[in-house]
Amino acid sequence: MQKYIFIFLVFLGAALHGQETTYKKRVLETTEVDALFSYYSQDGANAAVSGGDGSEELTDVTSTVIVRLPMNDDDVLTLDVGISAYSSASSSNINPLDGSVNERASPFIASSGASQSDVLAHINPTYQHSSDDRNKIWNANAYFSSEYDYSSLGVGGGYAQLFNEKNTEVTINAKVYFDSWNPQYPIELRDGFFDDRVMGTGTYAPSFTTFDSETRNSYSLSLGVTQILSKRMQGSLFLDVVAQDGLLSTPFQRVYFSDKEDFFIEYFQLADDVERLPDTRFKIPIGGRLNYFINDYLVLRSYYRFYTDDWGVTSHTASLELPIKISSLFTLYPTYRYYTQTAADYFYAKEEAVSTLDYYTSDYDLSEFNAHQYGFGIRYKDIFTNAKLLSFGLKTIDLRFSNYDRSDGLNSYIFTFGTTFVR
């Protein structure tokens, strides 16, 4: 009799084990597709291409498709593919003479030449594996992007560990990017274009040599902790360490010296040099998030980040988002973001730098400024995916608008539209 009981228990254990394997919850149940579109526009009067003085008008249109594929119960492959097309008044003035014969050369007038627009394409695949108990998650990713004068290749990976009945999560991620420039120097600094050209009473003789290096490498390590603090509150902390080396200057951004004579073609001032920045940079951002569930209709999301680097830039970022659920299908998203930073050690406004300095830039992104950003969004979410497109059900629609206002005069806005489909 004991023999039959033993056999029965063995078969029962095998059956239960098989049942657990068969019904293990998948990390991702079905294929998901995100289709994203954005339109960005800005304007200002401190273009770095023309030495901190000139139009910063720019428009950018971006389309991105993100596909998440469940490979099996534990693994998910994500493919992120996108293309971005921009038109820029400032970059067009890399060569202000490359346009119609009827156009005047001026830092405030866009040239219609080849440098006025460009296209950036990228692909970013990520593979993620979760353990059977879903407490350990590994990921590996790659990245490639290319545009006319710049290309980037990146690889990375990460690990997440969940503790305390999944109330605590610790993550670590590392990434490396290997970038390469195809330098586009200002037209007047290119070989032979203005050799010994006499301009008024003097001879145009810029303090310019080409860069020895045309590569840029970036290395980042990210650490994060997320904790459920109560039934209503969740918080997270993060720390990033970023190191860069190589060509960190932008080859087409002009600089004008106070100790050099000025030369012009029409209204466009010819460069004394391009920006020169150190070939290494070390950055440390540290910050956190705190989300509080007020009630079934209202959630408060807050964010803060402190940043510092060895170029002298220190910044603070703070933002608030207040999702308001107005029905089972619609949620509103008012947002506000404040940013402030100190100037880099190497920033000089137009004609403030002198030619004896080792490093200098007139890029106002490295100046002292503060900024306010106001936004508003609406999300439609249908967990039953009643609307269909081919064999895919529509899960979410997001519409968002943000306006950005910087104290140095740069203003911009961005409109985004996104959808998620599931199969």
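Cut-offs applied
Residues numbered from 1 in each chain as written. Predicted model: local features only at pLDDT ≥ 70, side-chain atom pairs only at ≥ 80, totals over all residues. Heavy atoms only, no water. Helix = DSSP H or I, 4+ residues; strand = E, 2+ residues; numbered from the N terminus. Buried < 20%, exposed > 50% of the residue type's maximum accessible area, 1.4 Å probe, protein only. Areas by Shrake-Rupley, 256 points an atom, 1.4 Å probe, with all protein chains shown as cover. Lys, Arg positive; Asp, Glu negative; His and termini not counted. Charge placed at Lys NZ, Arg CZ, Asp CG, Glu CD. Contact = heavy atoms within 4.5 Å. Phe/Tyr/Trp six-rings, centres within 6.5 Å; stacked < 30°, edge-to-face > 60°. Lys NZ or Arg CZ within 6 Å of the ring centre and 35° of its normal. Core = buried A, V, L, I, M, F, W, Y, C linked by side-chain atoms within 4.5 Å. Pairing = 2+ DSSP bridges. Salt bridge = Lys/Arg side-chain N within 4 Å of Asp/Glu carboxyl O.

With that settled, consider the overall build of the chain. When its secondary structure is counted, the chain shows 2 helices and 24 strands. Across its three principal directions, the C-alpha atoms of the chain cover 115 × 45 × 40 Å. The burial tally for the chain puts 40% of its 423 residues in the buried class. A total accessible area of about 22,800 Å² is found for the chain, and carbon and sulfur atoms account for 59% of it. Across the chain, the mean location of the 33 positive side-chain charges is 14 Å away from that of the 54 negative side-chain charges.

On to unusual backbone geometry, then. One non-glycine residue, arginine 134, lies in the positive phi region at around 65°. Note on placement: arginine 134 falls in the loop between strand 4 (117–130) and strand 5 (136–147). By relative accessible area, which is 17% here, arginine 134 ends up buried. Positive phi is not limited to glycine here, since glutamate 351 has a value of about 60°. Relative to the assigned elements, glutamate 351 resides in the loop between strand 20 (330–341) and strand 21 (369–381).

Time to look at the side chain of aspartate 382. In this fold, aspartate 382 is placed in the loop between strand 21 and strand 22 (388–389). Residue aspartate 382 is classed as buried on the basis of its relative accessible area of 3%. Once residues lying within four places of it in the same chain are set aside, the contact partners of aspartate 382 are Leu329, Ala387, Leu394 and Lys395.

So, about the packing of aromatic side chains. What describes a pair of aromatic rings is the distance from one ring centre to the other and the angle between the planes of the rings. Under the counting rule described, the total for this entry stands at 16 aromatic pairs. The interplanar angle of 80° and the centroid separation of 5.9 Å between the aromatic rings of tyrosine 143 and tyrosine 177 together place this pair among those described as edge-to-face. Residue tyrosine 143 is found in strand 5, and its partner tyrosine 177 is found in strand 7 (residues 168–181); the two are separated by 34 residues along the sequence. Aromatic side chains tryptophan 311 and tyrosine 346 sit 6.1 Å apart centroid to centroid with 80° between the ring planes, which places their arrangement in the edge-to-face category. Residue tryptophan 311 is located in the loop between strand 17 (298–309) and strand 18 (314–321), and its partner tyrosine 346 is located in the loop between strand 20 and strand 21; the two are separated by 35 residues in the primary sequence. Each member of the pair, tryptophan 311 as well as tyrosine 346, carries the same accessibility label: buried. Linked through ring pairs, Tyr39, Phe401 and Tyr413 together constitute an aromatic cluster. Its guanidinium or amino end placed over the ring of tyrosine 256, lysine 350 lies 5.1 Å from that ring's centre, counting from NZ or CZ.

In terms of nonpolar packing, the biggest core is built from 13 residues, with Leu189, Tyr204, Phe208, Phe211, Leu270 and Val274 touching the most fellow members. Counting residues in hydrophobic clusters, the runner-up holds 8 residues, among them Leu248, Tyr307, Ala344 and Tyr346.

To continue, consider the side chain of threonine 64. Along the chain, threonine 64 falls in strand 2 (residues 58–70). Here threonine 64 falls in the buried class, since its relative accessible area comes to 13%. The residues contacting threonine 64, other than those within four sequence positions of it, are Asp34, Ala35, Leu36, Asp80, Val81, Gly82 and His122.

Attention now goes to the pairing of strand 24 (residues 411–422). As defined by bridge partners, strand 1 (residues 32–43) adjoins strand 24 across 12 bridges and the pair is classed as antiparallel. Each bridged residue has a counterpart across the sheet, and for alanine 35 the counterpart in strand 24 is threonine 419. Pairing of strand 23 (residues 392–406) with strand 24, which is carried by 12 bridges, proceeds in the antiparallel orientation. Paired with leucine 394 across the strands is phenylalanine 421, a residue of strand 24. In sequence, strand 23 turns back onto strand 24 through a hairpin of 4 residues, with glycine 409 there showing a positive phi of about 105°.

Right, let's get into the pattern of salt bridges. A complete count under the given rule lists 15 salt bridges for this structure. Residue lysine 395 pairs with glutamate 32 through a salt bridge whose shortest N-O separation is 3.7 Å. Of this pair, lysine 395 sits in strand 23 while glutamate 32 sits in strand 1, placing them 363 residues apart in sequence. Given a relative accessible area of 26%, lysine 395 falls into the partly exposed group. Three or more residues are tied together by salt bridges with common partners; here these are Glu32, Asp34, Arg68 and Lys395.

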